[in-house]
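# Breakdown of the fold
Here are the chains, one letter per residue:
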Number of protein chains: 2
Amino acid sequence: MEAIAKPGCLFTADPREPHPTPDSNSVLGKVRLILEVFGLDDETLSLSELARRTGLAKASVHRLSQELVHWGLLERRNGEYRLGMRLFEIGQRVPRQRILRDLARPLMIDLVQSTNETVHLAVVDGLEVLYLEKVSGGNQISRPSRVAGRMPLHCTATGKALLAFGRRALLDEVMAAPLARVTPRTTVAPGLLAQELQRARELGYAAEFEQARIGYMSVAIPLAGATGATVAALSVTAPTSRANADRYAGLLSLVGRRMTKLLSAQEI
Amino acid sequence: MEAIAKPGCLFTADPREPHPTPDSNSVLGKVRLILEVFGLDDETLSLSELARRTGLAKASVHRLSQELVHWGLLERRNGEYRLGMRLFEIGQRVPRQRILRDLARPLMIDLVQSTNETVHLAVVDGLEVLYLEKVSGGNQISRPSRVAGRMPLHCTATGKALLAFGRRALLDEVMAAPLARVTPRTTVAPGLLAQELQRARELGYAAEFEQARIGYMSVAIPLAGATGATVAALSVTAPTSRANADRYAGLLSLVGRRMTKLLSAQEI
DNA sequence: ACGCGACGTTCCGGCCACCGGACCGGGTCC
DNA sequence: GGACCCGGTCCGGTGGCCGGAACGTCGCGT
């Protein structure tokens with residue numbers, strides 16, 4: 001039994017609206033809904049499940065999915081849909097990501113060999129950090145972060161490096177909204193955050209102790225592009241038990257200088 | 001309407017599919033054209049350039065590109081378009097790719113440390129190998145291959161491993177078309193290729209000497225999924241000057257056993 | 001066996017989102 | 001000035017998209 005049609009036809013209980021209406025009466029809007037209901041872990045979804053989650057008519061989902069399968073953006077495996085290999089392939093061509101990763105990878109491996117800890121490369125996307133690459137040392141973190149994963153800007157070392165050395169407008173935007181409390185030690189007072197960022201500017205690096213995850217800390221530096229603007233951040237994450245923030249900061253700034261030199265020749 | 005052939009038909013060789021009609025009078029077809037004209041190196045394209053290459057009306061390209069920028073699949077940088085970060089993000093969620101990479105990465109790094117050469121992880125896509133991951137040793141290759149790059153099946157070690165241990169139908173399909181001569185030493189005679197594959201089946205690994213690139217050779221093994229079917233291949237590539245095929249084969253089969261154990265628990 | 005529900009799939013008339021030629025303002029080169 | 005190309009907008013016609021309805025087929029509980 002359907003819920004009786006309300007005027008305005010809102011299918012999905014979707015009160016939040018961080019991104020403006022993925023206009024569902026345009027083809028592209030529907031495709032967007034379909035591709036984005038595949039969460040990080042929903043590996044496969046049935047046709048009906050897709051229709052339910054997107055709020056689209058089953059016939060529409062069927063038609064569009066067929067076309068997407070034909071393209072390779074979706075794959076079918078005994079009746080279920082999942083994201084297709086061609087998405088990966090096209091995604092790897094994205095220049096901002098590819099250039100940064102290719103340049104940073106060798107340096108990240110150096111860092112891992114010096115520290116035996118986990119090293120992240122991240123950029124700003126929207127009001128979050130987006131991890132472009134991760135290289136782990138021998139000491140694996142229990143619930144690992146993910147490449148292409150996201151975290152808030154204000155509670156991660158990479159995020160704070162990007163905020164401290166990034167565009168002023170970005171900081172204003174982050175400050176405009178309440179700061180989420182991720183752990184008990186997360187900085188949620190705007191004034192305190194501003195102090196931390198000021199300190200980061202003085203030191204040249206940002207740090208974070210159990211503000212994103214209990215038991216772990218991180219140190220991060222900004223990476224400047226050809227124009228001098230900050231384009232990414234590089235961080236070392238370690239368990240607090242064996243952390244050595246000063247050492248990490250020293251290693252990072254060495255690597256950072258090399259990286260800045262490499263980036264200055266590139267168009268980002 | 002799919003050309004569903006006779007019941008029980010074993011060979012699914014689709015007669016007409018050189019380019020599967022990127023139907024340009026459907027919205028999705030146009031979007032496909034737009035996203036796929038960004039080659040591996042065309043980092044940015046202007047609106048007019050996009051219209052020219054896709055063959056679409058300028059107004060249409062403009063309208064669709066706007067919507068794609070809004071979604072994040074494209075980005076704008078002083079008037080030019082380029083592939084957007086969200087493509088990378090969605091592409092990283094593709095399960096087949098993510099599972100294989102996450103499992104193989106540590107083992108690939110082991111291999112690199114043992115050999116100091118370049119290690120590739122590849123799958124079949126269409127009639128080519130698609131590289132999912134690459135880990136380089138200290139000895140960089142001059143014109144390096146790329147993650148998400150493609151190569152023919154018949155001239156690479158990974159490709160031959162996938163052919164020798166993969167579905168019979170795939171081999172038939174490859175044999176049906178003439179084999180491209182990539183280097184003077186590429187095997188282009190179907191009979192010879194069949195012999196090489198038979199030899200690979202006996203040895204348990206495939207090898208290639210200067211068939212893909214002069215001065216380099218590779219050794220590859222297949223990786224079997226939970227059902228026992230081959231799902232990917234792992235290879236070591238080295239300059240012929242310092243190559244040691246037997247050693248690579250030994251190291252690979254050790255790693256292959258570990259990988260097969262890991263994969264048996266996974267749904268691929 | 002039977003009904004039942006949920007599934008994937010197909011059909012088709014209506015309509016609106018999409019189309020693209022024409023146009024505009026601005027920049028650059030000759 | 002004029003010829004050219006650029007990014008961007010407008011608007012009337014139309015065909016691609018839409019989605020309710022119906023179909024065949026499973027697997028389940030009765």
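Since the structure is predicted, the reported quantities are computational estimates derived from the model, not experimental observations.

Moving on, we get to the overall build of chain A. Each helix and strand counted, chain A has nine helices and nine strands in total. Of all 268 residues assigned to chain A, the portion counted as buried reaches 40%. A fraction of 55% describes how many contacts in chain A between residues 6 or more apart in sequence connect residues 24 or more apart.

Bringing the interface of chain A and chain B into the picture now. Counting residues at the interface gives 31 residues for chain A, matched by 30 residues for chain B. Of all the secondary structure elements, the ones that give two or more residues to the side of chain A that touches chain B are helix H1 (27-36), helix H3 (58-71), strand E3 (80-83), helix H4 (85-91) and helix H5 (95-115) of chain A. The leading source of residues in the side of chain A that touches chain B is H4(A), at six residues.

Before going further, it helps to spend a moment on the protein's contact with DNA strand D. Around DNA strand D sit 17 residues, and of these A:Ala57, A:Ala59, B:Ser26, B:Ser46 and B:Ser48 come closest. Contributing elements (two or more residues each) for the surface near DNA strand D: H1 and H3 of chain A together with helix H2 (47-54) and helix H3 (58-71) of chain B. In terms of residue class, the surface near DNA strand D is built from seven nonpolar, seven polar and three charged.

Here chain A is described as being made up of domain 1 (27-90) and domain 2 (94-264). Centre-to-centre separation of domain 1 of chain A and domain 2 of chain A, based on C-alpha positions: 33 Å.

The next point concerns the relation of the copies chain A and chain B. Between chain A and chain B, which share one sequence, the superposing operator has a rotation angle of 180 degrees and an axial displacement of 0.0 Å; the RMSD is 0.1 Å. This pairing of chains is accounted for by a two-fold axis. Closest approach to the rotation axis within chain A is made by the C-alpha atom of A:Gly91, at a distance of 2.5 Å. Most of the interface of chain A is mirrored in chain B: 94% of its interface residues are interface residues there too.

Now for the protein's contact with DNA strand C. Taken together, 17 residues lie around DNA strand C, and A:Ser26, A:Ser46, A:Leu47, A:Ser48 and B:Ala57 are the ones closest in. Those elements giving two or more residues to the surface near DNA strand C turn out to be helix H2 (47-54) and H3 of chain A together with helix H1 (27-36) and H3 of chain B. Of the residues in the surface near DNA strand C, the class split is seven nonpolar, seven polar and three charged.

A separate point is the sheet that holds E3(A). All names here are of chain A. The three strands are arranged E1-E3-E2 in an open sheet whose pairing can be described as antiparallel. One side of each edge strand has no neighbouring strand; the edge strands of this open sheet are strand E1 (45-46) and strand E2 (74-77). Where E1 lies against E3, two bridges are found, and the strand directions are antiparallel. Its bridge partner lying in E3, Leu 45 is registered against Tyr 81. Across the face of the sheet, H3 comes into contact with E2 and E3 while running at roughly 100 degrees to E2.

Moving on, we get to H2(A). All names here are of chain A. Along H2, the positions that sit buried rather than exposed are Leu 50, Ala 51 and Thr 54. For H2, the angular spread of the buried residues around the axis is 100 degrees, confining them to a single face. Packed against the buried residues of H2 are H1, E1, H3 and E3.

Quick look at the nonpolar core now. Among the nonpolar cores identified, the biggest contains 139 residues, and A:Ala161, A:Tyr205, A:Leu234, B:Ala161, B:Tyr205 and B:Leu234 are the most heavily contacted of them. Those residues in contact with B:Tyr205 that lie beyond four places of it in its chain are B:Ala161, B:Ala200, B:Val219, B:Ala220, B:Ile221, B:Ala249, B:Leu252 and B:Ser253.

The next thing to look at is unusual backbone geometry. Within the chain, B:Asn78 stands out as a residue other than glycine whose phi angle is a positive 30 degrees. Tracing the chain through its elements places B:Asn78 in the loop between strand E2 (74-77) and strand E3 (80-83).

Residue and element names in this part refer to chain A. Relative to E3, E2 runs antiparallel, the two sharing four bridges. Along E3, the bridge assignment pairs Arg 76 with Tyr 81. Where E2 hands over to E3, the hairpin turn is made up of two residues, of which Asn 78 adopts a positive phi near 30 degrees.

With that out of the way, let us pick up helix H6 (residues 157-165) of chain B. Among the nine residues that make up H6(B), nine are buried, leaving the element largely enclosed by the rest of the structure. For H6(B), the full list of buried residues reads B:Ala157, B:Thr158, B:Gly159, B:Lys160, B:Ala161, B:Leu162, B:Leu163, B:Ala164 and B:Phe165.

Residue and element names in this part refer to chain B. Ordered by their spatial adjacency, six strands build an open sheet running E6-E5-E4-E9-E8-E7, and the pairing between neighbours is antiparallel. Each end of this open sheet is capped by a strand with a single partner; those strands are strand E6 (150-152) and strand E7 (206-209). Put simply, the sheet's adjacent strands are angled 30 degrees from each other on average, direction ignored. Of the strand pairs in this sheet, strand E4 (residues 118-125) and strand E9 (residues 230-239) are connected by five bridges, and their pairing is antiparallel. Each residue of the ladder has a partner; that of Leu 121, found in E9, is Leu 234. Docked against the sheet, helix H9 (residues 245-264) engages E7, strand E8 (216-224) and E9, running at close to 25 degrees with respect to E8.

Let's shift gears to the UniProt feature "domain: HTH iclR-type" (unreviewed entry) in chain A. Sequence positions flagged by UniProt for "domain: HTH iclR-type" (unreviewed entry) are, in local numbering, residues 25-85 of chain A. With 54% helix and 16% strand, residues 25-85 of chain A has end C-alpha atoms that lie 27 Å from one another.

Another point: the environment of B:Ala229. Tracing the backbone shows B:Ala229 in the loop between E8 and E9. Note: C-alpha distance between B:Ala229 and B:Gly166 (63 residues apart in sequence) is 7.0 Å.

All names here are of chain B. The interhelical angle for the contact between H2 and H3, taken along N-to-C directions, is 115 degrees, at an axis separation of 9 Å. Relative to H3, the crossing made by H2 is right-handed. Taking contact as the criterion, the partners of Leu 47, Ser 48, Leu 50, Ala 51 and Thr 54 in H2 are, on H3, Lys 58, Val 61, His 62 and Ser 65. Class assignment of the residues belonging to the contact of H2 with H3 gives a composition of four nonpolar, four polar and one charged.

Calculation rules
- Residues numbered from 1 in each chain as written.
- Chains lettered and ligands numbered in written order.
- Predicted model: local features only at pLDDT ≥ 70, side-chain atom pairs only at ≥ 80, totals over all residues.
- Helix = DSSP H or I, 4+ residues; strand = E, 2+ residues; numbered from the N terminus.
- Buried ≥ 20, exposed ≤ 12 C-beta atoms within 10 Å, placed from the backbone.
- Contact = placed C-beta atoms within 7 Å.
- Near = placed C-beta within 6 Å.
- Nonpolar A, V, L, I, M, F, W, Y, C, P; charged D, E, K, R; others polar.
- Domains from an automatic or database assignment.
- Least-squares fit on C-alpha atoms with pLDDT ≥ 70 in both.
- Pairing = 2+ DSSP bridges.
- Axes fitted to C-alpha atoms, helices over the stretch in contact; angles between N-to-C directions.
- Arc of directions from axis to C-beta.
- Core = buried A, V, L, I, M, F, W, Y, C linked by C-beta atoms within 7 Å.
- UniProt positions renumbered as here; feature names shortened; annotations may be inferred.
- Left-handed = near helix turned anticlockwise from the far one by under 90°.

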